[in-house]
Amino acid sequence: MVALVVSFSSCVSPLFYGKDKYLLQKNKVKGNKELKNDELDGLVKQRPNRKVLGTTPYAYAYILGKKSWDSAGIVRKIEETVEKYDREIAVVINNPTGNYRKDSLRQVKLEKRKERKLNKLNKRRSEGNFWMRVIGEKPAYFDSSQAVASKIELEKYYYQHGFFSAKVQVKTDTIRVNQINTTYTVTEGKRRFFRYIKYACTDSLIYNLLQRTAGSSTIKTGTPFDLAIEEAERGRIELLIKNNGYIAFSRSYIVIDNDTADEAGQTDVLISVIVPAEKPFKQYKIGKVTLILKEAEEGFKKRDSASYSNILFISERRYNWRILAAKLLLKPGDIYQQDRFNNAQTALNSMDMFRFVNVRLDTAGKDEVDLYYETTRLPRYQISDEIGILVSAGAPGPFANASFRTRNFFNNWSNFEVSARFSQEGQISVFLPDSIYRASEFGGTMSLFFPQLLIPGRSEYFYSKINPRTRITIGYTNSRRPEYGRRLFRTSFTYGIKSTPTSYIEFSPLDATVGFTPYINPIFQTQLEQFQQSLRQSFNNFFISNVNANYTFSKGQLNSQNKYTYYRLLPEVGGLLGSFLSRSNGNNPDSIGSLKVFKYWRAFTEFRKNYPVGAFAAIAYRLQAGVAGPLGNTQTLPWEKFFFAGGTNSLRAWPPRRLGPGSYKAAEGENQFQFERPGEILLEANIELRQKLFKFLEGALFIDAGNVWNRKSGIEQVGSDFQFDRFYKEIAVGTGFGVRLNFSFFILRLDFGVRVYDPSEAEGNRYVLPKQYKNVVANFGVGYPF
């Protein structure tokens, strides 16, 4: 027996809410440990009002607003508004000026103004005034009928999870004025488990298919009974049969019988596939496959037809059909497979070539199914632009992007894109850290996208099953800061495949960057000569090449209030191409002419999770780690390959990239945050509670923890190395709160962070929170931090 306690309470005078009304203040459900309590909570029909520090200000705001809400007065205002504007419109109609266009425009303007006014008034009449509609929410008064509905839902839930004899009793207790407790007492009984699973079907082909794939069943012997598992098995069987040519099959023909007579709590499952006697299922093979390609939605004129891989292509102009034929995974003579049918449509839609892709199946009176694909081309040329606010590691500034795209560039369904960008933001100067200077960046990129893997041989038919792509990019970036100017030339060659609906893999056999530093401020140059080797070398002219991969798993809508999971892994090895080029030219293996060659390895991983808590809040957290190091004769990493901590998307209680490494502290008299702090090892964790306050305004409470370390300690940075016996003492901790303006299409964020635990202080003095309230760090950003 398990007691599920739901508390309805309030400490406000009953006269405030009304006589015999009890406000729902607490809604907590405790159930069987084997069942998820968050699901049990969701079965209770009534939801409590949102709380702030144990109070319900939204309900208070609604009630206060309702006291001043005059519904009858709004109705009178609506009538007066209609009468006013009808009178003004009649004047325009009955007293024309002789200028028909002017009179028409005036009449239209009055009608639109009338419509806007009435929309506002009707909204106030139906949804209430500003306090009721925007700030407040309706009080959640206890409703006995909802308690009965909750009882029914709880019994149903327990039954679906194997507690067939579960019973729920409801008891309510009024404990004080405006407070009520509701107790759901669940008598669970014995839980049932799956024992045997058997299949039955009068069609021998389908029966043999079920027997061969029984090992893939979602129902496993010895696992708890669950109707959701049986429904998943129903879906598996439906897809299995459809993948073997039975187009007309559906899960409605699958009947599951549970034998629960066993007193030991075992359940035997019989899954029957019903075959209609009057119209048995037919196994289809692919007959004709036709693709019709239109240049516009209307006015199609057939001018060209061609056959490739036994597929008929009909269009208004001549195209290279080899790539499209590879995307159509079902060919004449193949047994129909639902998976391949769905994947083909997805592959065509993902090419960024077509407005839509419609598919029609024709099985009329035949043993074969004909497939007809109908598509309409997107415009060959497309220009897009974007302007907005950029926030990376400093004060916000404007940015602008513009791009020009050409589709079907080489008549092989590739896309060519040229883009240009410009941005400007405020950044903290390294040599004048108390000042913010304007930093600018501009650049351009040329990219070529292919809907296939560019590898030797004709294997596009095999790789089309995993939605392959190839991207070739050449780019230039010119950045200007008060300390230095930098020019980067980059090229990359990248393969991409979508292995599953939630996973994407990229592999770059070539990713090379050539960097030049044409300008260094003399003051900054002096400081470089006094700082560590890696910083000095990073401003030399350099050549960086690497081979890298990127695996991404994403389930759910990233950076939303909904439940989602995100993971990525990025390994890379650099310097192989640079070392080969330097040796082939007889140069020093660490340089190509005046360009320094960096050889290194690097790995980075990140995990994010967002978990909704009720209807208006969510807990989001992120874990990330990285490690890198030089290879061969190279003594240091390229500056761009170091890890950094601190800033608006990292530990928000520290300035951008100014945390660590380890317990290192600047010498007395020096500014602790004067220089960026690179590290070869990164550990970081972030968690925040996101709460919707009202409409588009959200609040957040957060805790950030982490640091960077070097793999070896240098003379210049004592305590910067990673050691297992003390690294946990050097994990910095910060906390704070933030406000966000969530307009759906973009989010503006302002977070305030303070340091709680500072590893740069001496041991025993690292808990610094009481001293930090005057050193709050403000972080302005666009979008969620993770």
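Before reading further, recall that the structure is shown in the block above.
Just so it is clear, the structure is predicted and the values come from calculations on it, not from any experiment. One numbering rule holds for all chains: residues counted from 1, following each sequence as written. Local features in this predicted model are restricted to residues of pLDDT 70 or higher, and side-chain atom pairs are both shown and tallied only at a pLDDT of 80 or more, whereas totals for entire chains, interfaces and linings draw on every residue. Side-chain measures here rest on the full set of heavy atoms in the structure, leaving out hydrogens and waters.

(A) Summary view of helix 8 (residues 204–212). When accessible area is computed with a 1.4 Å probe and restricted to protein chains, residues below 20% of their type maximum are described as buried, those above 50% as exposed, and intermediate ones as partly exposed. Only runs of H or I of at least four residues qualify as helices and only runs of E of at least two qualify as strands under DSSP, and these elements are numbered from the N terminus. Turning to helix 8, its buried residues number three or more, namely Ile206, Leu209 and Leu210. Across the axial projection of helix 8, the buried residues extend over an arc of 100°, all falling on one side. Contacts made by the buried residues of helix 8 are with strand 4 (193–201), helix 9 (227–242) and strand 6 (266–273). Any pair of N or O atoms that falls within 3.5 Å is considered a polar contact. Within protein, one atom must be able to donate a hydrogen and the other to accept it, and sequence-neighbouring residues count only if both atoms are side-chain atoms. The opening residue of helix 8, the one whose side-chain oxygen lies 2.9 Å from the backbone nitrogen of Leu205, is Asp203. Read the arc as the range of directions from the helix axis to the C-beta atoms. In this analysis, two residues are considered to be in contact whenever any of their non-hydrogen atoms come within 4.5 Å of each other.

(B) Representation of the packing of helix 4 (residues 71–94) against helix 5 (residues 100–127) within the structure. Here the axes come from fitting lines to C-alpha atoms, over the contacting stretch only for helices, and the angles between their N-to-C directions go from 0 to 180 degrees. Where helix 4 contacts helix 5, the two axes come as close as 10 Å, and the packing angle between them is 175°. In terms of orientation, helix 4 lies roughly antiparallel with respect to helix 5. Any residue outside Ala, Val, Leu, Ile, Met, Phe, Trp, Tyr, Cys, Pro, Asp, Glu, Lys and Arg is labelled polar, Gly included; the first ten of those are nonpolar and the last four are charged. Looking at side-chain class alone, the contact of helix 4 with helix 5 contains 11 nonpolar, 4 polar and 11 charged residues. Under this scheme an angle from 65 to 115 degrees is roughly perpendicular, one under 35 degrees roughly parallel, and one over 145 degrees roughly antiparallel; angles in between are oblique.

(C) Spatial organisation of the environment of Asn358. Looking at the secondary structure, you find Asn358 in strand 10 (residues 354–362). Residue Asn358 is classed as partly exposed on the basis of its relative accessible area of 42%. Residues Asn358 and Tyr373, spaced 15 residues apart in sequence, show a C-alpha to C-alpha distance of 5.7 Å. Ignoring anything within four residues of it in the chain, the contact list for Asn358 reads Tyr372, Tyr373 and Glu374.

(D) Layout of a positive patch on the surface. Each patch is built from salt-bridge-free residues with over 30% relative accessible area, joining like charges within 9 Å and nonpolar side chains (Val, Leu, Ile, Met, Phe, Trp, Tyr) within 5 Å. Note on areas: Shrake-Rupley, 1.4 Å probe, and residue coverage restricted to the protein chains presented here. Here, a salt bridge means any side-chain nitrogen of Lys or Arg that lies within 4 Å of a carboxyl oxygen of Asp or Glu. Think of it this way: Lys and Arg go in the positive column, Asp and Glu in the negative one, and His and the chain ends go nowhere. A charged residue contributes its charge at one atom only: NZ of Lys, CZ of Arg, CG of Asp or CD of Glu. Taken together, the side chains of Lys77, Lys84, Lys109, Lys112, Arg113, Arg116, Lys117, Lys120 and Arg124 make up a positively charged region of the molecular surface. Here Lys84 is to be found in helix 4. A relative accessible area of 38% places Lys84 in the partly exposed class.

(E) Fine view of the packing of aromatic side chains. Ring geometry is summarised as follows: Phe, Tyr and Trp rings, the Trp one being its six-membered ring, pair when their centres sit within 6.5 Å, and such pairs are stacked at plane angles under 30 degrees, edge-to-face over 60 and tilted between the two. The full count for this structure, using the stated rule, is 33 aromatic pairs. Between the aromatic rings of Phe607 and Tyr621, the centroid separation amounts to 6.2 Å while the plane-to-plane angle is 45°, which identifies the pairing as tilted. In this pair, Phe607 is assigned in strand 23 (residues 600–613) and Tyr621 in strand 24 (residues 617–630), connecting sequence segments 14 residues apart. Each ring, one from Phe722 and one from Phe724, has its centre 5.3 Å from the other, and the planes form 85°; the classification is edge-to-face. The class of Phe722 is buried, set by a relative accessible area of 15%. Owing to a relative accessible area of 67%, Phe724 belongs among the exposed residues under this scheme. Site record: aromatic cluster; members linked through ring pairs are Phe313, Tyr319, Trp321, Phe354 and Trp413. Over a ring means this: the NZ of a Lys or the CZ of an Arg is within 6 Å of the ring centre and within 35 degrees of the ring normal. Just above the ring of Phe644 sits the side chain of Arg657; from NZ or CZ to the centre is 3.7 Å. The ring of Phe786 carries Arg690 above its face, with NZ or CZ at 5.3 Å from the centroid.

(F) Summary view of the pairing of strand 5 (residues 254–259). Strands qualify as paired when DSSP identifies two bridges or more between them. Examined bridge by bridge, strand 5 and strand 6 share 6 bridges and lie antiparallel to one another. In the sheet register, Ile254 faces strand 6, and the bridge partner there is Val273. A loop of 6 residues connects strand 5 with strand 6, the two strands running antiparallel in sequence, and Gly265 in this loop sits at a positive phi of about 90°.

(G) Up close: a nonpolar patch on the surface. Judged by side-chain polarity, Tyr611, Val613, Ile619, Ile687, Leu689, Leu701, Ile703 and Phe737 come together as a nonpolar surface patch covering roughly 670 Å² of accessible area. Relative to the assigned elements, Leu689 resides in strand 25 (residues 681–694).

(H) Examining unusual backbone geometry more closely. Note that the residue after Gly660, namely Pro661, is joined by a cis bond; omega there is -10°. Residue position: Pro661 is located in the loop between strand 24 and strand 25. For Ser309, which is not a glycine, the phi torsion comes out positive at approximately 55°. Relative to the helices and strands, Ser309 resides in the loop between strand 8 (304–308) and strand 9 (311–315).

(I) View of the pattern of salt bridges. A full pass over the atoms with the stated rule returns 35 salt bridges. One salt bridge in this structure joins Glu688 and Arg652, with 3.0 Å as the shortest N-O distance. Note that Glu688 is positioned in strand 25 and Arg652 in the loop between strand 24 and strand 25, a separation of 36 residues in sequence. Arg652 shares its class with Glu688; the two are buried. Residues joined by salt bridges that share partners form a network here, namely Arg652, Glu688, Arg690, Asp704, Arg740, Arg749 and Asp751.

(J) Geometry of the sheet that holds strand 7 (residues 285–294). Spatially, 5 strands are ordered 8-9-7-11-10 in an open sheet, and the strand pairing comes out mixed. Single-partner strands in this sheet number two, and they are strand 8 and strand 10. The sheet shows a mean angle of 15° between the axes of neighbouring strands, direction not considered. One ladder, built from 8 bridges, connects strand 10 with strand 11 (residues 368–377); its direction is antiparallel. Among the inter-strand pairings, Asp362 is bridged to a residue of strand 11, identified as Asp370. The strands that helix 11 (residues 338–349) touches are strand 7, strand 10 and strand 11; relative to strand 10, the one it contacts most, it runs at about 160°.

Function cannot be inferred from these measures alone, as they are strictly geometric.
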